[in-house]
Amino acid sequence: MKSPDIIVKTENLTRQFGRFTAVNQVSIRINRGEIFGFLGANGAGKTTLIRMLCGLLKPSSGEATVAGLDIKRESEKIKQKIGYMSQHFSLYNDLTVKENIEFYAGIYGLNRKQIFQKQNEISKQLQMEPYLDSRTSDLPLGLKQRLALATALLHNPPILFLDEPTSGVDPRARRSFWELIYQKAAQGTTIFVTTHFIDESEYCHRLSIMDNGRMIAIDTPESMKKRYKKKSMQEVFGFLIREKGI
Amino acid sequence: MQLNGHRIRTVARKEWYHILYDFRTLFILFLMPVVQLIMLGYALNLEIKRVDLAVLDYARSPESTHLVNTFKGSPFFHPFPYDGSAANMDHLFKTHQAHAAMIVPSDFDRQQQRENDISVQFLIDASDANRATLIQNYCNRIIAEYNQNNTMSLSSLFDLRSTIYFNPDQKSAYFFVPGIIAMILIMISTLLTSITIAREKEFGTIEQILVSPIQSQEIIIGKVLPYIALAIMEASFILLLGMIIFDVPFRGNVILLMMLTTLYIITALCLGLLISTQAKTQQIAMMMAITLTLLPTLMLSGLIFPIASMPRILQWITYLVPARYYLLIIRGIMLKGSGGGQLLEPILLLGWFTLFFFIAAIRRMNTTLER
Ligand SMILES: Nc1ncnc2c1ncn2[C@@H]1O[C@H](COP(=O)(O)OP(=O)(O)O)[C@@H](O)[C@H]1O
Ligand SMILES: [Mg+2]
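*Asks:* Residues and numbers for the overall build of chain A, please.
*Replies:* Assigned secondary structure in chain A consists of eight helices and ten strands. For chain A, the C-alpha radius of gyration of 18 Å lies close to 18 Å, the compact-globule estimate for 246 residues. Here the C-alpha coordinates of chain A stretch approximately 50 × 40 × 35 Å along the principal axes. Relative to its full complement of 246 residues, chain A shows a buried share of 55%. The contacts of chain A with a sequence gap of at least 6 include a subset with a gap of at least 24, amounting to 66%. Within the structure as shown, chain A displays about 11000 Å² of accessible surface, and the carbon and sulfur contribution to it stands at 48%.

If you want it as structure tokens, here you go:
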């Protein structure tokens, strides 16, 4: 029943906070190597969904597997397989760039030599040699976000969860961030990314649109535009919220 | 409980960076105890300047006058004759006209000649228990002086056996300094760690840690280690300061005291971490840390109010105050020169608290984010 190519699968996944339903019966299947986007306004339930998949939050009902592992029973094993970048800036501002890399690599069990290699690799890839010993708070925001992405990838996870990774970043920095995402996807990493920027949805292989905890559409951006006869995702999104939204 | 030393070192090193980069906190950390120690040390160091002593002299004999004069000769006592009845004595105390009263029985002389028990009654206002103890000590001293100078009959020495209901311990003023040290240590140590996890929650970095394979016991141990080092430095500093400023004697074994102080510090640090797993923000964490350490330690550890004179219910509650055990340890070692064997009970009980807070912090760590 479980296809080997489906790497994330949810079945009526639901989470309630008190009487409020933040995520309402969401069922999705994500294929290996896909860039899967989750588009939705603030409060749609994107973060709640991601936190359940990462094992930070228990679902109220429904099922889900990540890399074939059950999120309720095997969350410890899932941790080795996933990278996560939360919607908050997740590096320590008072620590230097090197120290941040050292910490995140260390808690994933990388040894001294591997950590040193990673520091070099990241500094080359992100062209941040001059910043290695500066405090992270002194970095430009775009660079910070890319560094946060690099730290989420230190242990080469096959699945990467990105929660609004580009919010608050200028358009140019957003583009270079997406270049990194594409590089990673080309290496076979599955990427699950949430956004409230509609234009970013065009970058995704497949896309799901969320509104008030419910998933109201799931398809490739092209098929969506074709199906609803719209020229842009902007129009598709507006149409769907009007028609299917609650 | 399986542990990965590499991951623990990683967390410890990172906490150490936080400590080093935060000069302001470090500065406050070493300045605050100095201020507290000096302020509290002098505030609690009750130097009694003047004790108004009401004298009910039923004997009115040369001997009784001699006794009263001995009190007059002391710089502390201001005896004044009182003509009312002994039954109205508490009125004097309530209106603060007297702090103590001495009742010399009419057969004072006869008693002396009989060469046996002579009873002079002292009443001491013990609404301030510590002051009462001090007054009692002073009375003792003056009676001893009188006995020595008593030429009437060398064998008829009498000793003072007054009963003080509210403060049966025999205390001296510097008894407070070890107590203040105990209070400062628990408060600062708890504060130190109370913000560490709360801060990660505020900044959102906690999620990044919780999605990694690191175990909660590794986080807790890693976080506590650097603070143990810091708190030991702090403790040595305060202990030295207390001994230098207040001349507190040190009769026991320094190494034993430092080892047990470390145990006490770890208790506080683990309590701080437990608080931190529960508090949502650093501010709430700090409030909780202060509330849970300052007042209970001040009121219920035996620092100021002797536990033996508390109501039964409060006495039971004092068993929940870790400072209670450390107070026995530090007073025992510093003032009495006690060894580990004599302090076994408080050491074991304190050890239980350490273990309890440590395990509780680990368990709560797992559920920090669940709501
Ligand atoms: N821990 C929580 N307790 C109560 N309500 C929450 C909690 N987390 C999220 N919510 C609510 O759930 C809804 C969805 O939140 P979230 O998943 O963060 O949305 P998004 O990430 O799409 O902006 C919001 O209305 C939010 O207020
Ligand atoms: Mg969100």
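*Asks:* How would you explain the overall build of chain B if you had to name every residue and give the values?
*Replies:* Regarding its fold elements, chain B presents 14 helices and four strands. By the burial criterion, 55% of the 371 residues in chain B qualify as buried. In chain B, of all internal contacts separated by at least 6 residues, the share reaching a separation of at least 24 is 80%. Summed over its atoms, the accessible surface of chain B is roughly 17500 Å², and 62% of this surface lies on carbon and sulfur atoms.

*Asks:* An account of the side chain of Thr14(A) is needed here, citing residue identities and associated values.
*Replies:* Residues and elements named next belong to chain A. Its place among the elements puts Thr 14 in strand 1 (residues 6-17). At a separation of 3.1 Å, a polar atom in the side chain of Thr 14 contacts the main-chain carbonyl oxygen of Asn 12. In contact with Thr 14, other than residues within four places in its own chain, are Thr 21, Val 23, Asn 24, Gln 25, Met 52, Pro 59, Ser 60 and Ser 61.

*Asks:* Break down the sheet that holds strand 3 (residues 35-40) of chain A for me, with residues and values.
*Replies:* All names here are of chain A. With respect to topology, six strands assemble into an open sheet ordered 6-7-8-3-9-10, the strand pairing being mixed. Because the sheet does not close on itself, it has two edges, and the strands there are strand 6 (82-85) and strand 10 (214-219). Adjacent strand axes in the sheet meet at a mean angle of 15°, parallel and antiparallel pairs treated alike. Across the sheet, helix 5 (residues 141-152) lies against strand 6 and strand 7 (159-163), angled at about 155° from strand 6, the strand it touches most.

*Asks:* So what's going on with the interface of chain A and chain B? Residues and values would help.
*Replies:* Taken together, the contact between chain A and chain B spans 32 residues of the former and 25 residues of the latter. Of the roughly 2700 Å² buried where chain A meets chain B, counting both sides, 56% is carbon and sulfur surface. Sorting the residues of chain A by area buried against chain B places Leu56(A), Tyr92(A) and Ile107(A) first, and these three jointly supply 22% of that buried surface. In this assembly, chain A and chain B are joined by two salt bridges. For the salt bridge of Glu207(B) with Arg51(A), the shortest nitrogen-to-oxygen distance reads 2.7 Å. Linking chain A with chain B are twelve residue pairs in polar contact (both at pLDDT 80 or more). Listing elements by their share of the side of chain A that touches chain B, those giving two or more residues are helix 2 (75-81), strand 6 and helix 3 (97-107) of chain A. For the side of chain A that touches chain B, the per-class residue count stands at 14 nonpolar, eight polar and ten charged.

*Asks:* Let's hear about the environment of Ser212(B): which residues, and what values?
*Replies:* As for its position among the elements, Ser212(B) is in the loop between helix 8 (205-210) and helix 9 (216-246). In this structure Ser212(B) comes out as buried when scored by relative accessible area, which is 0%. Each C-alpha atom of the pair Ser212(B) and Arg364(B) lies 17 Å from the other, and the pair is 152 residues apart in sequence. Setting aside its immediate chain neighbours within four residues, Ser212(B) contacts Lys79(A), Ile107(A) and Tyr108(A). A polar side-chain atom of Ser212(B) sits 2.7 Å from the main-chain carbonyl oxygen of Ile209(B).

*Asks:* I'd love a proper account of the domain arrangement of chain B, names of residues and values included.
*Replies:* Taken domain by domain, chain B comprises domain 1 (5-44 + 171-370) and domain 2 (51-156). Once you take the C-alpha centre of each, domain 1 of chain B and domain 2 of chain B turn out to be 46 Å apart.

*Asks:* Outline the packing of helix 7 (residues 176-203) of chain B against helix 11 (residues 282-300) of chain B, supporting the account with residue identities and numerical values.
*Replies:* Residues and elements named next belong to chain B. Helix 11 packs onto helix 7 with a crossing angle of 160° between their chain directions and a minimal axis gap of 8 Å. With respect to each other, helix 7 and helix 11 are oriented roughly antiparallel. With respect to the hand of their crossing, helix 7 and helix 11 are arranged in right-handed fashion. Residues Met 183, Ile 186, Met 187, Thr 190, Leu 191, Ser 194, Ile 195, Ala 198, Arg 199 and Glu 202 of helix 7 form the contact with helix 11, whose participating residues are Gln 282, Gln 283, Ala 285, Met 286, Ala 289, Ile 290, Thr 293, Leu 294, Thr 297 and Leu 298. Split by residue class, the contact of helix 7 with helix 11 holds twelve nonpolar, six polar and two charged.

*Asks:* Could you give me a rundown of the site of ligand 1, with the residues and numbers involved?
*Replies:* Residue and element names in this part refer to chain A. Close contacts around ligand 1 come from Phe 17, Phe 20, Ala 22, Ala 41, Asn 42, Gly 43, Ala 44, Gly 45, Lys 46, Thr 47 and Thr 48, and that covers them all. Lys 46 places a main-chain nitrogen or oxygen 2.9 Å from an oxygen atom of ligand 1. Summarising the interface, the protein chains cover 66% of the accessible area of ligand 1, which totals 560 Å² for the free molecule. Residue assignment for the shell around ligand 1 shows that the elements contributing at least two residues are strand 2 (20-31) and helix 1 (46-53).

*Asks:* So, the sheet that holds strand 3 (residues 100-104) of chain B: which residues are in play, and what are the values?
*Replies:* All names here are of chain B. The strand order across the open sheet formed by four strands is 2-1-3-4, and the pairing between neighbours is mixed. Bordering the open sheet on either side are strand 2 (77-81) and strand 4 (121-124), each of which pairs with just one other strand. Direction aside, neighbouring strands of the sheet carry axes that sit 25° apart on average. Each of strand 1 (51-57), strand 2, strand 3 and strand 4 is contacted by helix 6 (residues 129-149), which is oriented at about 155° to strand 4, the strand it contacts most.

*Asks:* Describe the packing of helix 1 (residues 5-21) of chain B against helix 9 of chain B, listing the residues and the values that go with them.
*Replies:* Residue and element names in this part refer to chain B. For the pair helix 1 and helix 9, the least separation of the axes is 7 Å and the interaxial angle reads 45°. As summarised for this structure, helix 1 and helix 9 are arranged oblique, according to the angle between their axes. Helix 1 and helix 9 meet at a crossing whose hand is right-handed. Counted together, Arg 7, Ile 8, Val 11, Ala 12, Lys 14, Glu 15, Trp 16 and Ile 19 of helix 1 and Glu 218, Ile 219, Ile 221, Gly 222, Lys 223, Leu 225, Pro 226, Tyr 227, Leu 230 and Met 233 of helix 9 form the full contact between these two elements.

*Asks:* Just give me the short version of a nonpolar patch on the surface, but keep the residues and values in it.
*Replies:* Residue and element names in this part refer to chain B. Residues Phe 27, Ile 28, Leu 31, Val 35 and Met 39 make up a contiguous nonpolar surface patch of roughly 500 Å² in combined accessible area. With respect to the helices and strands, Val 35 occurs in helix 2 (residues 23-44). Using a relative accessible area of 41% as the deciding quantity, one classes Val 35 as partly exposed.

*Asks:* Break down helix 13 (residues 322-336) of chain B for me, with residues and values.
*Replies:* Residues and elements named next belong to chain B. For helix 13, built from 15 residues, the straight-helix expectation of 21 Å at 1.5 Å per residue is met to within 8% by its first-to-last C-alpha distance of 21 Å. For helix 13, the buried fraction is high: 13 of the 15 residues fall into the buried class. Downstream of helix 13 by one or two residues, Gly 337 has phi in the positive range, about 70°.

Calculation rules
- Residues numbered from 1 in each chain as written.
- Chains lettered and ligands numbered in written order.
- Predicted model: local features only at pLDDT ≥ 70, side-chain atom pairs only at ≥ 80, totals over all residues.
- Heavy atoms only, no water.
- Helix = DSSP H or I, 4+ residues; strand = E, 2+ residues; numbered from the N terminus.
- Rg over C-alpha atoms; globule rule 2.2 N^0.38 Å.
- Buried < 20%, exposed > 50% of the residue type's maximum accessible area, 1.4 Å probe, protein only.
- Contact = heavy atoms within 4.5 Å.
- Areas by Shrake-Rupley, 256 points an atom, 1.4 Å probe, with all protein chains shown as cover.
- Polar contact = N/O pair within 3.5 Å; in protein donor to acceptor, adjacent residues only side chain to side chain.
- Pairing = 2+ DSSP bridges.
- Axes fitted to C-alpha atoms, helices over the stretch in contact; angles between N-to-C directions.
- Buried area = accessible area lost by both parts, 1.4 Å probe.
- Salt bridge = Lys/Arg side-chain N within 4 Å of Asp/Glu carboxyl O.
- Nonpolar A, V, L, I, M, F, W, Y, C, P; charged D, E, K, R; others polar.
- Domains from an automatic or database assignment.
- Parallel < 35°, antiparallel > 145°, perpendicular 65-115°, else oblique.
- Left-handed = near helix turned anticlockwise from the far one by under 90°.
- Near = heavy atom within 4 Å.
- Patch = residues over 30% accessible without salt bridge, like charges linked within 9 Å, V, L, I, M, F, W, Y side chains within 5 Å.
- Expected span 1.5 Å × (residues − 1).

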